[in-house]
Amino acid sequence: MLLYSYNTGVFERPAPTDHPILDMLARRWSTRAYTTQSIEPETLRSLLEAARWAPSSGNGQPWHFLIARREDTAAFEALGSTLAGGNAWAKQAAVLMIAVASLDRGAGKPNATALFELGLACENMAVQAVGLGLSMHMMGGFSADKAREVCEIPERFQPVVAISIGYPADPNTLSEELRAKDLTPRTRKPLSEIIFTGKWGQAGGLE
Ligand SMILES: Cc1cc2nc3c(=O)[nH]c(=O)nc-3n(C[C@H](O)[C@H](O)[C@H](O)COP(=O)(O)O)c2cc1C
C-alpha cells in the first residue's frame, strides 16, 4: 500500500501490521526515492541526537557516524564511492553516512554487543527521521575496506552499514527495477515463526 499523506506531504508505505504498533514504527520504511531537498544542519543534529540517546551496555555508546551532506561535495563523493553498484540510487540522497562500531571498551576488552548497540542507535535515528518527515535507508551493500581507506578509520573501529537519508519522493520517479522494489508489498515473517515459549520451537499461544 502506497499512500500520499496530505498531513506531512510525504509518501508513505505504512506497515500492514497484524497487531497495533506505534505510528512512527509503522511508518518507517526504507525509501529509495528522494526529493532534491537538502537537510538542514539543525535537522541533522536532531537525527544524531536521537542516535546518541540509544541504550548501550554499561552506557558504553560504541557508535560513531561519518557524515556527508550533499553540499559537502568531496565528503559526499568519498562516502558514495564505498557503495555497492546496486545501491547507486543512494547517491540521490541529501545525506550519506557510514555507521561505525567501536569493537572494544579499551585495550584487551572486546565488546561483544557493539554491533547490536550500533543497530539500536541506527534504529533510533530511523524512527526520528520519520518524525521529521525524512526517510533513512540502511545498507550492508558497501565496502567496509574502501570506507576504512577513504575515511581513514582506525583498525579498532568497524564500518558496519552505509546510510542514506533524505525527504522521500514518489517511488514512481525511480527506474522500473527500483520502482518494483519500492512498490512490492511490505511483508514480515509471522509471529508464529519467530517466537517460542520455554523451548525452541514450542508455541505458547502468543503467536
Ligand atoms: C543491516 C541492513 C542492511 C541492509 N542492506 C541493504 C542494502 O544493501 N541495499 C538495500 O537496498 N537495502 C538494504 N537494507 C534495507 C532492507 O532491505 C529493508 O530494511 C528490508 O527490506 C525491510 O524493508 P523496510 O525497511 O522498508 O521495512 C538493509 C537493512 C539493514 C537493517
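Description of the structure in this document. Since the model is a prediction, treat every value here as computed from it, not as a measurement.

1. A short note on the side chain of Asp-182
- Along the chain, Asp-182 turns up in helix α6 (residues 176-183).
- Residue classification places Asp-182 among the buried residues on the basis of a relative accessible area of 0%.
- When residues no more than four places from it in sequence are discounted, the contact partners of Asp-182 are Arg-13, Trp-29, Ser-30, Thr-31, Arg-32, Ala-33, Pro-171 and Leu-174.

2. A word on the environment of Ala-33
- With respect to the secondary-structure elements, Ala-33 resides in the loop between α1 (23-27) and α2 (41-52).
- The exposure class of Ala-33 is buried, given its relative accessible area of 2%.
- Aside from chain neighbours lying at most four places away, what touches Ala-33 is Tyr-167, Pro-168, Ala-169, Asp-170, Pro-171, Thr-173, Leu-174 and Asp-182.

3. Looking at the site of the ligand
- The ligand sits among 14 residues. The nearest are Ser-30, His-137, Gly-140, Arg-186 and Arg-188.
- At a separation of 2.8 Å, a nitrogen atom of the ligand approaches a polar side-chain atom of His-137.
- The separation between an oxygen atom of the ligand and a polar side-chain atom of Arg-188 is 2.8 Å.
- No other element matches strand β5 (residues 135-139), which puts 3 residues into the shell around the ligand.

4. So, the pattern of salt bridges
- What the rule picks out here adds up to 8 salt bridges.
- Between Arg-32 and Asp-182 there is a salt bridge, with the nearest N and O atoms lying 2.7 Å from each other. With a gap of 150 residues between them, Arg-32 in the loop between α1 and α2 and Asp-182 in helix α6 connect regions that are remote in the sequence. For the pair Arg-32 and Asp-182, one class covers both residues: buried.
- For the salt bridge of Asp-104 with Arg-156, the shortest nitrogen-to-oxygen distance reads 2.9 Å.

Parameters and conventions
In every chain, residue numbers begin from 1 and rise along the written sequence. Side-chain atom pairs in this predicted model are given and counted only at pLDDT of 80 or more, local residue features only at pLDDT of at least 70, and totals for whole chains, interfaces and linings cover all residues. Water and hydrogen atoms play no part in the side-chain values, which are based on all heavy atoms of the structure. Secondary structure elements are defined from DSSP: runs of H or I of at least 4 residues count as helices, runs of E of at least 2 residues count as strands, and each element is numbered from the N terminus. Only protein chains enter the accessibility calculation, which uses a 1.4 Å probe. A residue is then buried if its area is under 20% of the maximum for its type, exposed if over 50%, and partly exposed in between. The contact rule is simple, with two residues in contact once any of their heavy atoms fall within 4.5 Å. In this text, near means that some heavy atom of the residue lies within 4 Å of the molecule or strand in question. Contacts described as polar in this section are N or O atom pairs within 3.5 Å, which, within protein, must combine one atom able to donate a hydrogen with one able to accept it, while residues neighboring in sequence count only if both atoms come from side chains. Any Lys or Arg side-chain nitrogen located within 4 Å of an Asp or Glu carboxyl oxygen qualifies as a salt bridge.

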